[in-house]
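The primary structure of each chain is shown beneath.
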Amino acid sequence: MRVATIDIGTNTVLLLVAERRQDGLVVAVEEHATITRLGEGVDKTRTLSPAAIARTNACLDRYAEIIAHANVARVSVVGTSAMRDAGGGDAVRDHVRTKLGVVARTISGDEEARLTFRGALSGIAAYAGEQRAVVFDIGGGSTEVVCGAPQSHALSFAQSFDVGSVRLTERHVRNDPPTDAELAAVRDAASAAFASVPTFDTQRPPVGIAGTMTTLAAVSLAMETYDGARVHGMTLTVDALENVVRELAAVPLEKRKERTGLEPKRADVIVAGGYVALAFLRRIGANSVTISDRGVRWGLAEELLNTGEG
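Now for a description of the structure that goes with this document. (Residues numbered from 1 in each chain as written. Predicted model: local features only at pLDDT ≥ 70, side-chain atom pairs only at ≥ 80, totals over all residues. Heavy atoms only, no water.)

**As for helix H12 (residues 270-283)**
Rules: Runs of H or I in DSSP of at least four residues are treated as helices and runs of E of at least two as strands, each being numbered from the N terminus. One less than the residue count of a helix, multiplied by 1.5 Å, gives the span that helix is expected to have. When a residue's accessible area, from a 1.4 Å probe over protein chains only, is under 20% of the maximum for its type it is buried; when over 50% it is exposed; and in between it is partly exposed.
Counted at 1.5 Å a residue, the expected span for H12 with its 14 residues is 20 Å, and the 20 Å between its end C-alpha atoms agrees. Counted residue by residue, H12 has twelve buried out of 14 residues, so it is predominantly covered. In the stretch just after H12, Gly285 is the one whose phi turns positive, near 75 degrees.

Following this line, the structure appears as structure tokens:
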């Protein structure tokens, strides 16, 4: 059986078409990521803008065509931070219902945490036997931190923090490249947000998912063409991550867009996203981080394939 899942995020809309092989492994048939900036300006207006809705709905039109030709048995669509925080989401939900024939669910922070955890660890064998693991997901509007048991997917900690790559860029960055004072403001905001995060008793590095982390990994590898299989499960030291973020912060936006491995549409928010990652990793005392190319869409896919629910 083949399923399709769509994760409508603050910054990016993600599509996964997946199936379960005979050996039980869930594999991707197709994956697509489109930066639509649905949450652009939401931090100030608390309402989705008509332009952001139009970009997102155009992306959903393309995804609907892909799904229509993929012999998919089940489809699940969810919205996360921007859809929870802002008015105007009905325009997107109505579009999903019209184009895909399903209801786009705006999932709670708790459900997002559960799906994030399950999806992030899928396909990373090193974590399968661990008693607990930590996963963090830096989005455009918020960052989710989850700790749980990899085998049972039972969570012991899950919390959403209102710091993300788009939110902190819009709040604190006015110059190009950012000034030292602006970078300090981003760093301080992220550090303050994570002040309540406990230290976790885990044996392996935390797992970072979503566009900020996969992009920084791709930049560190100087990846000409993004390859999720190379990124998924790789480990970066915090020092290496800090060097990449510092280099990106030091150059103007147009120069940053030319950096190998960096999606140009993400160039304006990647520095703030990197500072969020560093603030979290420092808070928990991590020396390295494992990168996951998976997340909510993979957790949804596994649930659809296991139970038909999602």
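After that view of the structure, there is still more to cover.
**Section: the packing of aromatic side chains**
Under the convention used in this document: Here a pair means two rings of Phe, Tyr or Trp (six-membered ring of Trp) with centres within 6.5 Å. Their orientation is stacked below 30 degrees between planes, edge-to-face above 60, and tilted elsewhere.
Taken as a whole, this structure holds four aromatic pairs when the rule is applied. An angle of 70 degrees between the planes, with centres 5.5 Å apart, marks the rings of Phe157 and Phe200 as edge-to-face. With a gap of 43 residues between them, Phe157 in strand S8 (residues 155-161) and Phe200 in the loop between helix H7 (180-193) and strand S9 (207-209) connect regions that are remote in the sequence. A relative accessible area of 16% places Phe157 in the buried class. Under the relative-accessibility criterion, Phe200 is labelled buried at 17%. The interplanar angle of 70 degrees and the centroid separation of 5.6 Å between the aromatic rings of Phe194 and Phe280 together place this pair among those described as edge-to-face. In this pair, Phe194 sits in the loop between H7 and S9 while Phe280 sits in helix H12, placing the two residues 86 residues apart along the sequence. For the residue pair Phe194 and Phe280, the accessibility class agrees, reading buried in each case. By the ring-pair criterion, three or more aromatic residues cluster together here, those being Phe136, Phe161, Phe194 and Phe280.

**Side note on the sheet that holds strand S7 (residues 143-148)**
The cut-off we apply is this: Strands are labelled as partners when DSSP assigns at least two bridges between them. Simply put, an axis is a line fit to the C-alpha atoms, just over the touching stretch for a helix, and the angle between two N-to-C directions goes from 0 to 180 degrees. Contact definition: two residues touch when any of their heavy atoms are within 4.5 Å.
In space, the six strands of this open sheet follow the order S8-S7-S6-S9-S11-S10, with mixed pairing throughout. In this open sheet, the two strands that pair with only one neighbour each are S8 and strand S10 (235-237). Neighbour-to-neighbour, the strand axes of this sheet turn through a mean angle of 25 degrees, independent of strand direction. Relative to strand S11 (residues 288-292), S9 runs parallel, the two sharing three bridges. Note on S11: the bridge partner recorded for Gly208 is Ile291. The sheet contacts of helix H5 (residues 109-121) involve strand S6 (133-138), S7, S8, S9 and S11, and relative to S6 the element is tilted by about 110 degrees.

**Structural notes on H5**
With 13 residues, H5 ought to run about 18 Å at 1.5 Å a step, and its terminal C-alpha atoms sit 18 Å apart, in line with that. Burial within H5 is extensive, with ten of its 13 residues counted as buried. Residues Glu111, Glu112, Ala113, Leu115, Thr116, Phe117, Arg118, Gly119, Ala120 and Leu121 constitute the buried set of H5. Within two residues after H5, Gly123 carries a phi angle of roughly 85 degrees, on the positive side.

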